[in-house]
There are 2 protein chains.
Amino acid sequence: MATIRDIATRTGVSTSTVSRALNGSGYVAPATKQKIMAAVHDLDYVPSALAQDLSSGSAHNIGVVLPHMDHPYQTQLIKGIMTAAFASKYRVTLLPTAYDDETEVGYLEQLHRNQFDGLIFTSHGLPLSTLAHYQQYGPIVMCEHPETTDLAAVYSQRESTYREVFHWLKAQHADHLALLSYRPESRSATTQATMKAYRSVFNDAKPTTQFLTAVMTYEDGYRVGSQLTSAKYVLTDGDDVAAGVRQYLLDHHLPVPLLIGQENQLTGRLLGISTIDHHFETVGHEAFLMATGKLGKQRRVGIPSEFIIR
Amino acid sequence: MATIRDIATRTGVSTSTVSRALNGSGYVAPATKQKIMAAVHDLDYVPSALAQDLSSGSAHNIGVVLPHMDHPYQTQLIKGIMTAAFASKYRVTLLPTAYDDETEVGYLEQLHRNQFDGLIFTSHGLPLSTLAHYQQYGPIVMCEHPETTDLAAVYSQRESTYREVFHWLKAQHADHLALLSYRPESRSATTQATMKAYRSVFNDAKPTTQFLTAVMTYEDGYRVGSQLTSAKYVLTDGDDVAAGVRQYLLDHHLPVPLLIGQENQLTGRLLGISTIDHHFETVGHEAFLMATGKLGKQRRVGIPSEFIIR
DNA sequence: ATAACTTGTGGAACGCGTTCCATGGCAAGA
DNA sequence: TCTTGCCATGGAACGCGTTCCACAAGTTAT
């Protein structure tokens, strides 16, 4: 591997001159530059990214912390982040946690170690105070609406849309609801937003409602289908889940309730299931900009979400 | 940011001793080690990943070159790679190309620059000879079966499964086939394998067959549905595409042909569409091992794929 | 003609850990 | 007692590019 010193020696100039010639900074005589470029070409020299990173103190790398690789909610978000990163000189590293707190701490430590310039959290297992503590080492951006104001965040304005959904249900005097989510209210901002909207809309005239958790995939939906035989309205975390519920009920010749999915996935479109589009691609895009400081001092960005009735 | 020198000064030892204490290499007196650990704790010291990378000459980073973020084919592959990387100390960086050759060259240059220890190609736009040329800078692993033997590869053994599919079709005297793929034969190993199997099975008794390209998504499938009104058997690149074709025909009250998808996606299961599972998660896993040199000198691994009739 | 620039280039320090080599103390074996 | 050999630690070089500072030569302004 040729180094900048090799170029310097071969050309008979100093490394500073080579560096200046390569970066176009400072003064270099045209003739010198030509000689340098020739040597660079001859020796197949390319500056080491490792050395440049150390020198600049940044790895030009943003980490994206996510629970699973296969949760549909992530796909659009990641796409938005990647598209934005692609346009700048940054790279993006995907960091799956499998909801393991130690792993999550590991990534935060890597922020401390300058492995990452910033972290984007699509979901988190650790307490927010822990995350806030690590902010001293670099920007941390949440993709959920955190209760505390200590953390920067770009999030879908779920709650107002959930209220819209519940108002819509209320208007048709809906009863026998079922709310399916992946994580319990205590551990998930999404579930919290859902419940908050639910309580505020129905207030003291709550319909009969089932609450199920640990439901994330099509299979999960199919699995809990047996518990939903008396439900008339079902709101799920993703369209895939709704599809699973529907399939179970169809397979057992049971009536299919009115299904409302989320994420506007293909399955929902395919089966004509109403959905909520949280515009996660936009969320991801903005989160990247915030993590790289391109959004100025702004630390809070809400993206409106959309209720699609089918 | 505290450095190893800060620790050394504060403890009254040399940086070498601190380094040894931290890494557990070489001799360090227990008392010295304790003092060092105390200082490390007091100063909130963490070794800089940037400096370690430069010193070790490796970023512990594997890049995954892929065309799009949303091609279903990638999801499982990436999952397999990530799972394997997660178990080791490596990180994985996703590198989308949008089939732009310049971008692809950019990533190869980053391999040269030691930004990556190795690259995994899930798809490629550049000629194989170009890729082979960059092997001198680090391991490059293809996830397709390349024609040349110059490149290391982990791939799904598509061709034999395609032959199985065509034999199955031949056995029922299938006629009016349609083969839908994303990229033309000249630019895609997948399409090449399909065509090779097609020719070898039907030989000179080829059925009437339509060939369509540039079909990748559900929407694409729906779009080309109008051209498939006389097809009796349709083989597509992914189950989503098959679902699109099916939907178009249903919407227009036209007969739905026998559909065979690929990738064993949820949509296929949902709609009872036969499919081919290429076991891409396994492919990804093995590709990672090969890229990090954990597979020894092996440069060729084939993973059997599976025809699932529904 | 002299001060004040501008241009071109080199030297050395810096960023931060790792590692090879050397040195010194001390105990066990010959 | 002398030689090995283990233990503990320091010094310095290394990996590689960047950047500040200084210096020299040539140019322009005063």
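Keep in mind that what you see is a predicted model, and the values were worked out from it rather than measured. (Residues numbered from 1 in each chain as written. Chains lettered and ligands numbered in written order. Predicted model: local features only at pLDDT ≥ 70, side-chain atom pairs only at ≥ 80, totals over all residues. Heavy atoms only, no water.)

Visitor: I tried to follow the interface of chain B and chain A on my own but got confused; where do I start?
Guide: The extent of an interface is frequently quoted as the accessible surface area lost upon association of the parts. Listed as interface residues are 46 residues of chain B and, on the opposing side, 46 residues of chain A. Across the chain B/chain A interface, buried area totals approximately 4100 Å², and carbon plus sulfur atoms make up 66% of it. It is B:L50, B:R113 and B:L270 that lose the most area in chain B upon contact with chain A, and together they represent 17% of the buried surface on that side. Put simply, chain B and chain A have two salt bridges between them. Here B:R269 and A:E219 are joined by a salt bridge, their closest N and O atoms 2.4 Å apart. Where chain B touches chain A, the interface holds 14 residue pairs in polar contact (both at pLDDT 80 or more). (Contact = heavy atoms within 4.5 Å. Buried area = accessible area lost by both parts, 1.4 Å probe. Salt bridge = Lys/Arg side-chain N within 4 Å of Asp/Glu carboxyl O. Polar contact = N/O pair within 3.5 Å; in protein donor to acceptor, adjacent residues only side chain to side chain.)

Visitor: Please explain the packing of helix α1 (residues 4-11) of chain A against helix α3 (residues 30-42) of chain A as it appears in this structure.
Guide: Helix packing geometry: the angle between the two helix axes and the distance between the axes. Residue and element names in this part refer to chain A. α3 packs onto α1 with a crossing angle of 125° between their chain directions and a minimal axis gap of 9 Å. Put simply, α1 runs oblique to α3. Considering how the two elements wind past one another, α1 and α3 form a crossing that is right-handed. Only K35, I36, A39, V40 and D42 of α3 make contact with α1, whose side of the interface consists of I7, R10 and T11. Considered class by class, the residues forming the contact of α1 with α3 number four nonpolar, one polar and three charged. (Axes fitted to C-alpha atoms, helices over the stretch in contact; angles between N-to-C directions. Helix = DSSP H or I, 4+ residues; strand = E, 2+ residues; numbered from the N terminus. Parallel < 35°, antiparallel > 145°, perpendicular 65-115°, else oblique. Left-handed = near helix turned anticlockwise from the far one by under 90°. Nonpolar A, V, L, I, M, F, W, Y, C, P; charged D, E, K, R; others polar.)

Visitor: When you look at the protein's contact with DNA strand C in this model, what are you seeing that I'm missing?
Guide: For DNA strand C, the set of nearby residues contains 24 residues, the closest of which are A:R20, A:Y27, A:T32, B:I4 and B:R5. Near the protein, within 4 Å, the atoms of DNA strand C are sugar or phosphate in 54% of cases. With respect to DNA strand C, the backbone of B:S48 contributes an N or O atom lying 3.3 Å from a phosphate oxygen. Within the side chain of B:S55, an N or O atom sits 2.9 Å from a sugar or linking oxygen of DNA strand C. Going through the elements one at a time, α2 (15-23) of chain A together with α1 (4-11), α2 (15-23) and α4 (49-56) of chain B are the ones with two or more residues in the surface near DNA strand C. (Near = heavy atom within 4 Å.)

Visitor: Is there a simple way to think about the packing of helix α8 (residues 158-171) of chain B against helix α9 (residues 189-202) of chain B in this case?
Guide: Residues and elements named next belong to chain B. The N-to-C vectors of α8 and α9 enclose an angle of 40°; their axes lie 8 Å apart at closest approach. The pairing of α8 with α9 is recorded here as oblique in orientation. As for how α8 packs across α9, the hand of that crossing is right-handed. In contact with R158, E159, Y162, R163, F166, H167 and K170 of α8, α9 contributes T190, A193, T194, K196, A197, Y198, S200, V201 and F202. Each residue belonging to the contact of α8 with α9 can be placed in one class, and the counts come to seven nonpolar, four polar and five charged.

Visitor: What is the right way to read the side chain of A:R113 from this model?
Guide: Examined against the element boundaries, A:R113 turns out to sit in the loop between α6 (101-112) and β3 (118-121). Although buried, A:R113 forms no salt bridge, and the nearest oppositely charged side chain, B:D53, lies 6.2 Å from it. Of note is the side chain of A:R113, whose polar atom sits 3.2 Å from the backbone oxygen of B:P47. A polar contact is formed between the side chain of A:R113 and the side chain of B:Q52, at a distance of 2.8 Å. (Buried < 20%, exposed > 50% of the residue type's maximum accessible area, 1.4 Å probe, protein only. Lys, Arg positive; Asp, Glu negative; His and termini not counted.)

Visitor: So what exactly am I meant to see when it comes to the relation of the copies chain B and chain A here?
Guide: Relating one copy of the chain to the other requires a rotation about an axis plus a shift along that axis. Between chain B and chain A, the superposition needs a rotation of 180° and an axial shift of 0.0 Å, giving an RMSD of 0.1 Å. A rotation of that kind, with that shift, is consistent with a two-fold axis. Residue B:T93 of chain B places its C-alpha closer to the rotation axis than any other residue of that unit, at 2.4 Å. (Least-squares fit on C-alpha atoms with pLDDT ≥ 70 in both.)

Visitor: Please clarify how the protein's contact with DNA strand D should be interpreted in this entry.
Guide: DNA strand D sits among 24 residues. The nearest are A:I4, A:Y45, B:R20, B:Y27 and B:T32. Protein-adjacent atoms of DNA strand D, using a 4 Å cutoff, are sugar or phosphate at a proportion of 56%. Within the side chain of A:Y45, one N or O atom sits 2.7 Å away from a phosphate oxygen of DNA strand D. B:S16 places a polar side-chain atom, nitrogen or oxygen, 3.0 Å from a base oxygen of DNA strand D. The greatest single-element share of the surface near DNA strand D, amounting to four residues, is contributed by α2(A).

Visitor: Would you explain the sheet that holds strand β7 (residues 209-212) of chain B in this entry?
Guide: Residue and element names in this part refer to chain B. If you walk across this open sheet you meet the four strands as β7-β6-β8-β9, and the pairing is parallel. The two strands at the open ends of the sheet, each matched to only one other strand, are β7 and β9 (258-260). Neighbour-to-neighbour, the strand axes of this sheet turn through a mean angle of 15°, independent of strand direction. Summarising the sheet, strand β6 (residues 177-180) and β7 pair through four bridges and their orientation is parallel. Looking across to β7, one finds that L180 is bridged to L212. Sheet strands touched by α8: β6, β8 (233-235) and β9. Its angle to β9, the strand with the most contacts, is close to 170°. Contacts from α9 reach β6, β7 and β8 within the one sheet, and its direction differs from that of β6 by about 160°. (Pairing = 2+ DSSP bridges.)

Visitor: Would you mind showing me how to read the sheet that holds strand β7 (residues 209-212) of chain A here?
Guide: Sheet strands associate in pairs through backbone hydrogen bonding, adopting either a parallel or an antiparallel arrangement. Residue and element names in this part refer to chain A. The strand order across the open sheet formed by four strands is β7-β6-β8-β9, and the pairing between neighbours is parallel. Two strands lie at the open edges of the sheet, namely β7 and β9 (258-260), each paired on one side alone. Here the strands of the sheet are splayed against their neighbours by 15° on average, with no regard to which way each runs. Contacts from helix α8 (residues 158-171) reach β6 (177-180), β8 (233-235) and β9, with the element oriented near 170° to β9.

Visitor: Would you explain the domain arrangement of chain A in this entry?
Guide: Under the domain assignment, chain A is made up of domain 1 (4-47), domain 2 (59-157 + 280-308) and domain 3 (158-277). Each of domain 1 of chain A and domain 3 of chain A was reduced to a C-alpha centroid, and the two centroids are 64 Å apart. (Domains from an automatic or database assignment.)

Visitor: Is there a simple way to think about the environment of B:T75 in this case?
Guide: Residues and elements named next belong to chain B. The topology assignment puts T75 in helix α5 (residues 72-87). Note on T75: relative accessible area 39%, which makes it partly exposed. As for T75 and G284, which are separated by 209 residues in sequence, their C-alpha atoms are 9.9 Å apart.

Visitor: Please clarify how the nonpolar core should be interpreted in this entry.
Guide: Nonpolar side chains tend toward joint burial in soluble globular proteins. One finds A:I120, A:F288, B:I120 and B:F288 to be the most contacted residues of the largest nonpolar core, which totals 54 residues. Residues contacting A:I120, with those up to four places away along its chain left out, are A:I62, A:G63, A:V64, A:V65, A:I81, A:V141, A:C143, A:A287, A:F288 and A:A291. Of all hydrophobic cores here, the second largest spans 40 residues; its members include A:Y218, A:V241, A:V245 and A:I273. (Core = buried A, V, L, I, M, F, W, Y, C linked by side-chain atoms within 4.5 Å.)

Visitor: When you look at unusual backbone geometry in this model, what are you seeing that I'm missing?
Guide: Glycine aside, residues mostly have negative phi, and peptide bonds are mostly found in the trans state. Residues and elements named next belong to chain B. A positive phi angle is found at H176, which is not glycine, with a value near 55°. With respect to the helices and strands, the residue H176 is situated in the loop between α8 and β6. For N264, which is not a glycine, the phi torsion comes out positive at approximately 50°. Here N264 lies in the loop between β9 and α12 (266-271).

Visitor: It is not clear to me how the pairing of β3(A) should be interpreted in this structure. Could you clarify?
Guide: Each regular strand displays side chains that alternate between the two surfaces of the sheet. Residues and elements named next belong to chain A. Side chains G118 and I120 of β3 all project onto a buried face; the interleaved residues L119 and F121 project onto the opposite face, where all are buried too. When strand β1 (residues 61-66) meets β3, the two strands line up parallel, connected through four bridges. Across the sheet, the residue bridging to V64 is I120, located in β3. As defined by bridge partners, β3 adjoins strand β4 (residues 140-142) across three bridges and the pair is classed as parallel. Bridge assignment links L119 to a residue of β4, and that residue is I140. Handedness of the crossover is the feature at issue here: the chain leaves β3, passes through helix α7 (residues 128-134), returns alongside β4, and the resulting connection is right-handed. (Right-handed = clockwise from strand over helix to strand, strands pointing away.)

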